[in-house]
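# Per-entry structural report
Here is what each chain is made of, one letter per residue.
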Amino acid sequence: MAQATRSAISLFATDGKPHPLQDTLLAATLILGAVAFVTGFFDNLHLLSSWTGLIGILTGAYGQFISVTTRERFALIIGLGASAIGFYLGMAHGGLFGGWLS
């Protein structure tokens, strides 16, 4: 019955302690991953998808490095996957600079 008394206030922390940095990195990774994933399917948005994907990969990797709970790690993997797909599609459609440096 100890599980029934847990507070629903701390959604991402299963150990009962607050993790503000990890939760912030988690939210940022999920948002960046969603933006990169959606914009990766449009050829003319390759700059947005590649940059948000790259930043999402970096924030997700750091979030995995300092994550404490399983819930954080699970959601970070979802965000990392979406960021990676968006990044790769953005790179395939024109890359990070899109011909600015060539």
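That block above? That's the structure.
Residues numbered from 1 in each chain as written. Predicted model: local features only at pLDDT ≥ 70, side-chain atom pairs only at ≥ 80, totals over all residues. Heavy atoms only, no water.

## Regarding the overall build of the chain
The number of helices and strands found in the chain is three helices and zero strands. Counted from the first residue to the last, the chain has its helices and strands arranged as α-α-α. Considering the chain as a whole, with its 102 residues, one finds that 35% of them fall into the buried category. For the chain, the proportion of contacts with a sequence separation of at least 24, taken over those separated by at least 6, is 75%. Counting only carbon and sulfur atoms, one obtains 73% of the accessible surface of the chain, whose full area is about 6400 Å². (Helix = DSSP H or I, 4+ residues; strand = E, 2+ residues; numbered from the N terminus. Buried < 20%, exposed > 50% of the residue type's maximum accessible area, 1.4 Å probe, protein only. Contact = heavy atoms within 4.5 Å. Areas by Shrake-Rupley, 256 points an atom, 1.4 Å probe, with all protein chains shown as cover.)

## Remarks on helix α3 (residues 70-93)
In this model, α3 (24 residues) spans 35 Å end to end at C-alpha, consistent with the 34 Å of a helix rising 1.5 Å per residue. The inward-facing, buried residues of α3 contact α1 (20-39) and α2 (46-66). After α3 finishes, the residue Gly94 shows a positive phi value of roughly 160°. (Expected span 1.5 Å × (residues − 1).)

## Points about the environment of Thr52
Its place among the elements puts Thr52 in helix α2. Accessibility expressed as a relative area gives 11% for Thr52, which makes it buried. In sequence terms Thr52 and Val35 are 17 residues apart; their C-alpha atoms lie 7.0 Å from each other. In this structure, Thr52 is in contact with Leu32, Val35 and Ala36, ignoring residues within four places of it in sequence. Side-chain polar atoms of Thr52 contact the backbone oxygen of Leu48, separated by 2.6 Å. (Polar contact = N/O pair within 3.5 Å; in protein donor to acceptor, adjacent residues only side chain to side chain.)

## Some remarks on the packing of aromatic side chains
For the coordinates displayed, the defined rule picks out three aromatic pairs. Centre to centre, the rings of Phe37 and Phe41 are 5.1 Å apart; their planes meet at 85°, and the pair counts as edge-to-face. Judged by centre distance (5.6 Å) and plane angle (55°), the ring pair of Phe87 and Tyr88 falls under tilted. (Phe/Tyr/Trp six-rings, centres within 6.5 Å; stacked < 30°, edge-to-face > 60°.)

## Overview of α2
For α2, which comprises 21 residues, the first-to-last C-alpha distance of 30 Å matches the rise-based estimate of 30 Å (1.5 Å per residue) to within 8%. Of all the residues in α2, the buried ones are His46, Ser49, Ser50, Thr52, Gly53, Gly56, Thr59, Gly60, Gly63 and Ile66. Where α2 is buried, its residues touch α1 and α3.

## Points about the packing of α1 against α3
Relative orientation of the contacting elements α1 and α3 amounts to 30°, with a least axis distance of 7 Å. When the axes of α1 and α3 are compared, the pair comes out roughly parallel. Two packed elements cross with a definite hand, and for α1 against α3 that hand is left-handed. Contacts between α1 and α3 involve Gln22, Asp23, Leu25, Leu26, Thr29, Leu30, Leu32, Gly33, Ala34, Ala36 and Phe37 from the first element and Glu72, Ala75, Leu76, Ile78, Gly79, Leu80, Ala82, Ser83, Ile85 and Gly86 from the second. Split by residue class, the contact of α1 with α3 holds 13 nonpolar, six polar and two charged. (Axes fitted to C-alpha atoms, helices over the stretch in contact; angles between N-to-C directions. Parallel < 35°, antiparallel > 145°, perpendicular 65-115°, else oblique. Left-handed = near helix turned anticlockwise from the far one by under 90°. Nonpolar A, V, L, I, M, F, W, Y, C, P; charged D, E, K, R; others polar.)

In short, geometric facts, not functional conclusions.
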